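Read off the chains here:
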Amino acid sequence: MNAHMLGDAKEKMTIGDLEPLICDADNMVDVLQDLLENAFGKVPEGNYILTETEGSRLLFVAGLAMQMSMKVKKAYYEAIEGKVS
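Residues numbered from 1 in each chain as written. Predicted model: local features only at pLDDT ≥ 70, side-chain atom pairs only at ≥ 80, totals over all residues. Heavy atoms only, no water.

Counting residues in each nonpolar core, the largest one holds six residues, listed as Met28, Leu32, Leu35, Leu58, Val61 and Ala65. Counting residues per element, the ones that place at least two in this core are helix 2 (19–40) and helix 3 (52–81). The contacts of Met28, once residues within four sequence positions are left out, are Val61, Leu64, Ala65 and Met68. In terms of nonpolar packing, the next biggest core, distinct from the first, is built from five residues, Leu21, Ala25, Val72 and Ala75 among them. (Core = buried A, V, L, I, M, F, W, Y, C linked by side-chain atoms within 4.5 Å. Buried < 20%, exposed > 50% of the residue type's maximum accessible area, 1.4 Å probe, protein only. Helix = DSSP H or I, 4+ residues; strand = E, 2+ residues; numbered from the N terminus. Contact = heavy atoms within 4.5 Å.)

Here is the structure:
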């Protein structure tokens, strides 16, 4: 697909085309929630302790969830306004 064709395809985006973005973001938030529940679901007698790997995974998934959410929001407003970039 050349750049011109890609541009034409983007111009035809509708609200219905946002479903995959919304579902991906929703799934990522579900993964984040699961990680948070596993890490913080039990109240410790002292401090919560995470391994370096657990902390890295939480930060990574939280960052992805935020990026996906911002992408959905941007695509939504572009579709509503009829201008897709």
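Anyway, onward from the coordinates.
Here we take up the layout of surface pockets. Over the atoms, a rolling probe the size of a water molecule traces out where space has been left empty. Of the volumes computed, that of the largest pocket is approximately 150 Å³. As for the largest pocket, its lining consists of Leu35, Asn38, Ala39, Tyr48, Ile49, Leu50, Glu54, Arg57 and Leu58. Those elements that provide at least two residues to the lining of the largest pocket are helix 2 and helix 3. Across the lining of the largest pocket, the residue classes tally to six nonpolar, one polar and two charged. (1 Å grid on protein atoms, 1.4 Å probe; cavity = no way out; pocket = protein on both sides within 12 Å on 5 of 7 lines; lining within 4 Å. Points joined across faces, edges and corners; volume = space filled by probe spheres on them. Nonpolar A, V, L, I, M, F, W, Y, C, P; charged D, E, K, R; others polar.)

The share of residues in the protein chain with pLDDT of 70 or more is 82%, and the mean pLDDT across the chain is 84. For the protein chain, helix 1 (residues 3–11) is the element with the lowest average pLDDT, namely 48, and helix 2 is the one with the highest, namely 94. (pLDDT = per-residue confidence, 0-100.)

Here we come to the packing of helix 2 against helix 3. Taken N-terminus to C-terminus, the directions of helix 2 and helix 3 make an angle of 155°; their axes are 9 Å apart at the nearest point. Viewed along their axes, helix 2 and helix 3 adopt a mutual orientation that is roughly antiparallel. Our pair here, helix 2 against helix 3, has a crossing hand that is left-handed. Mapping the contact onto sequence places Leu21, Ile22, Asp24, Ala25, Met28, Val29, Val31, Leu32, Leu35, Leu36, Ala39 and Phe40 in helix 2 and Arg57, Leu58, Val61, Ala62, Leu64, Ala65, Met68, Ser69, Lys71, Val72 and Ala75 in helix 3. Split into classes, the residues belonging to the contact of helix 2 with helix 3 amount to 19 nonpolar, one polar and three charged. (Axes fitted to C-alpha atoms, helices over the stretch in contact; angles between N-to-C directions. Parallel < 35°, antiparallel > 145°, perpendicular 65-115°, else oblique. Left-handed = near helix turned anticlockwise from the far one by under 90°.)

Before going further, it helps to examine helix 3. With 30 residues, helix 3 extends 44 Å between its outermost C-alpha atoms, agreeing within 8% with the 44 Å of an ideal straight helix rising 1.5 Å per residue. Every buried residue of helix 3 is listed here: Gly55, Leu58, Val61, Ala65, Val72, Ala75, Glu78 and Ala79. Buried positions along helix 3 lie against helix 2. Following helix 3 by one or two positions, Gly82 has its phi on the positive side, about 75°. (Expected span 1.5 Å × (residues − 1).)

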